[in-house]
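# Coordinate analysis (summary)
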Amino acid sequence: AKDFKKAANLRPDYYQAWNNLGSAYMSMAENKKAIDALRKTLTFIPTHPIPLTNLVVMENRQCDWSRRSKHIALLKKALYQETSEGRALVTPFHSFEFDLTPHECKINALAWSQRVDERVKHLAGFEPGGQALSKGSTRLRVGYLSGSGFHNSTTTARSMRSQYSMHNRMTTEVYCYA
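Residues numbered from 1 in each chain as written. Predicted model: local features only at pLDDT ≥ 70, side-chain atom pairs only at ≥ 80, totals over all residues. Heavy atoms only, no water.

## Details of the packing of helix 2 (residues 15–27) against helix 3 (residues 31–44)
Here helix 2 crosses helix 3 at 155 degrees, and the two axes come no closer than 8 Å. By the angle class used here, helix 2 and helix 3 are roughly antiparallel. In the packing of helix 2 onto helix 3, the handedness of the crossing is left-handed. Touching Tyr15, Trp18, Asn19, Leu21, Gly22, Tyr25 and Met26 of helix 2 are Lys33, Ala34, Ala37, Leu38, Lys40, Thr41 and Phe44, all from helix 3. (Axes fitted to C-alpha atoms, helices over the stretch in contact; angles between N-to-C directions. Helix = DSSP H or I, 4+ residues; strand = E, 2+ residues; numbered from the N terminus. Parallel < 35°, antiparallel > 145°, perpendicular 65-115°, else oblique. Left-handed = near helix turned anticlockwise from the far one by under 90°. Contact = heavy atoms within 4.5 Å.)

Okay, here's the thing in structure tokens:
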């Protein structure tokens, strides 16, 4: 955080320094400082999805809803801007934190799934486990995909721990892709 703070002081109009400072403070759980830096970032780029989503998350954690309606409106604007350019605003799981309507969650999820489809299209014809299911097989193959990997700090990894135990291994094969 020290270097980002120095950069922001040297160039107060350099939004990337403010954004990086906010992210650093988030990682350090210095929530108030993170909020201040991310709010400063948004004075330069009000609908940029990264600092905007980070700010709303931090304000939620601090129960600071003084600017919530303004920031939710900016998030919705960013959602339509991002999806019009073929990008999702956030992973579908995280969209529920931002007061998006079911329709807006769907728009975001569709953009996300199109992005995933594009990234894995080279796997067409790939069989999990390396072999095709024999005819008449009743074993279901389930695949989980994580765009950020399955290391312990991701939401996907945390939620997947319980998911594995829910599958009957006699009737289901589970594969994870990262």
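## Some points on the packing of aromatic side chains
What describes a pair of aromatic rings is the distance from one ring centre to the other and the angle between the planes of the rings. By the definition in use, this model includes zero aromatic pairs. Here Arg115 stacks its cationic end above the ring of Trp112, 4.6 Å away from the centre of that ring. (Phe/Tyr/Trp six-rings, centres within 6.5 Å; stacked < 30°, edge-to-face > 60°. Lys NZ or Arg CZ within 6 Å of the ring centre and 35° of its normal.)

## A short note on unusual backbone geometry
Within the chain, Ala29 stands out as a residue other than glycine whose phi angle is a positive 60 degrees. Looking at the secondary structure, you find Ala29 in the loop between helix 2 and helix 3. According to the relative accessible area criterion, Ala29 is exposed, its value standing at 57%. At Asp99, a residue that is not glycine, the phi angle is positive and equals roughly 55 degrees. Looking at the secondary structure, you find Asp99 in the loop between helix 5 (68–84) and helix 6 (102–120). (Buried < 20%, exposed > 50% of the residue type's maximum accessible area, 1.4 Å probe, protein only.)

## Structural notes on the packing of helix 1 (residues 2–10) against helix 2
Axis separation between helix 1 and helix 2 bottoms out at 8 Å; the angle between their running directions is 155 degrees. The angle between helix 1 and helix 2 falls in the class roughly antiparallel. The way helix 1 lies across helix 2 gives a crossing that is left-handed. Only Ala17, Trp18, Asn20, Leu21, Ala24 and Tyr25 of helix 2 make contact with helix 1, whose side of the interface consists of Phe4, Lys5, Ala7 and Ala8. When its residues are assigned to classes, the contact of helix 1 with helix 2 shows eight nonpolar, one polar and one charged. (Nonpolar A, V, L, I, M, F, W, Y, C, P; charged D, E, K, R; others polar.)

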